[in-house]
Amino acid sequence: MRRKIIAGNWKMNKTPSEAVELINTLKPLVANEDVDVVFCVPAISIIPAVEAVKGSNIEIGAENMYFEESGAYTGEIAPNMLVDAGVKYVIIGHSERREYFAETDETVNKKVLKAFEHGITPIICCGESLTQREQGITIDWIRQQIKIAFLNVTAEQAKTAVIAYEPIWAIGTGKVATTEQAEEVCKAIRDCICEIYDEATAEAIRIQYGGSVSADSAPELFAQPDIDGGLVGGASLKPDFGKIVNYNK
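The text that follows walks through the structure, step by step, so that each part is easy to find. Quantities reported herein were computed from a predicted structural model and do not represent experimental measurements.

Observations concerning the packing of helix α5 (residues 105-117) against helix α7 (residues 138-149)
Then comes step 1: Following both chains from N to C, one finds α5 and α7 inclined at 40°, their axes separated by 8 Å at the closest point. Viewed along their axes, α5 and α7 adopt a mutual orientation that is oblique. Here the hand of the crossing between α5 and α7 comes out right-handed. When α5 is examined against α7, the residues D105, E106, V108, N109 and V112 are found in contact with a partner set consisting of Q144, Q145, I148 and A149.

Quick notes on empty space enclosed by the protein
In this approach a probe as big as a water molecule rolls over the atoms, and the regions it shows empty are the leftover space.
Then comes step 1: For the structure on display, the rule yields one cavity of 30 Å³ or more.
Then comes step 2: There is about 40 Å³ of room inside the largest cavity.
Then comes step 3: If you go around the largest cavity, the residues you meet are G93, S95, R98, C125, C126, G127, Q145, E166, I168 and I171.
Then comes step 4: Elements that contribute at least two residues to the lining of the largest cavity include exactly α4 (95-101) and β5 (121-126).

Structural notes on the nonpolar core
Then comes step 1: Counting residues in each nonpolar core, the largest one holds 66 residues, and the members touching the most others are F39 and F150.
Then comes step 2: Take this core: its biggest share by element is six residues, from helix α9 (residues 179-196).
Then comes step 3: Ignoring sequence-local partners within four residues, the contact set of F150 consists of N109, I124, A158, A161, I163, I193, Y197 and I205.
Then comes step 4: Ranked by size, the runner-up nonpolar core spans eleven residues in total, among them I5, V38, C40 and A164.

Describing unusual backbone geometry
Then comes step 1: With phi around 80°, K14 is a residue other than glycine that occupies positive phi space.
Then comes step 2: Following the sequence through the fold, K14 ends up in the loop between β1 (5-9) and α1 (16-26).
Then comes step 3: Residue classification places K14 among the partly exposed residues on the basis of a relative accessible area of 35%.
Then comes step 4: Located in the positive-phi region is S212, a residue other than glycine, with phi close to 60°.
Then comes step 5: Structurally, the position occupied by S212 is in the loop between β7 (206-210) and α11 (218-222).
Then comes step 6: Taking the relative accessible area as the measure of exposure, S212 reaches 23% and is therefore partly exposed.

A look at the packing of α7 against α9
Then comes step 1: Where α7 contacts α9, the axes come no closer than 10 Å and their chain directions differ by 45°. Here α7 is positioned oblique relative to α9, judged by the angle of their axes. Our pair here, α7 against α9, has a crossing hand that is right-handed. Residues T138, I139, I142, R143, I146 and K147 of α7 lie in contact with α9, whose contacting residues are V185, A188, I189, C192, I193, E195 and I196.
Then comes step 2: Classifying every residue of the contact of α7 with α9 gives nine nonpolar, one polar and three charged.

Basis of the calculations
- Residues numbered from 1 in each chain as written.
- Predicted model: local features only at pLDDT ≥ 70, side-chain atom pairs only at ≥ 80, totals over all residues.
- Heavy atoms only, no water.
- Axes fitted to C-alpha atoms, helices over the stretch in contact; angles between N-to-C directions.
- Helix = DSSP H or I, 4+ residues; strand = E, 2+ residues; numbered from the N terminus.
- Parallel < 35°, antiparallel > 145°, perpendicular 65-115°, else oblique.
- Left-handed = near helix turned anticlockwise from the far one by under 90°.
- Contact = heavy atoms within 4.5 Å.
- 1 Å grid on protein atoms, 1.4 Å probe; cavity = no way out; pocket = protein on both sides within 12 Å on 5 of 7 lines; lining within 4 Å.
- Points joined across faces, edges and corners; volume = space filled by probe spheres on them.
- Core = buried A, V, L, I, M, F, W, Y, C linked by side-chain atoms within 4.5 Å.
- Buried < 20%, exposed > 50% of the residue type's maximum accessible area, 1.4 Å probe, protein only.
- Nonpolar A, V, L, I, M, F, W, Y, C, P; charged D, E, K, R; others polar.

If you want it as structure tokens, here you go:
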């Protein structure tokens, strides 16, 4: 039985002091020992956030990282810096990174490999645009993203990874894929992992759904056999995130 993982992607929101204030508000609301809870916060807030969650069930993740360990990469953050700061997870290949900052499947793969090298659990994002869905190429598109992201990743590493399926047309729009649509793609992702590796790896890997997840939609989504939690955007900045984390109560 895979353990559910529910992660908040704060995006470019909250100053360091505001981040600590929000964490203190959310701590009692997201107390659920049955699931893994992760707050992926802006880089500047990571260190105070790690301090703020001590003694709670919350882990801190980063929203991005670079695939080199040092060098002339102004403005980037290396994986060893994240480890030293206390980060356990990192979001890689979010659609906003791909769209606004020209990230590619190949750079996603480099980051995934580097995250594993440093013992950071990657939350690997994939998803299709509305045009791609309307043209019927969703599954083909997602399979391509997954196959390249996991290039040269070992089966043992893959078992510990998290994949986040986020239909781009449902991010921040209030639109949510139907439960059937979300489960169909998450099952296709698991089948793809099975093709790349084996059934044991496919059964071990955790797959999240993301895209306007709410307290109302979470219980039905998370009850699906191939959906192991959620990557939550705007709702993770509000007290209602506690209801999403405690979907099973």
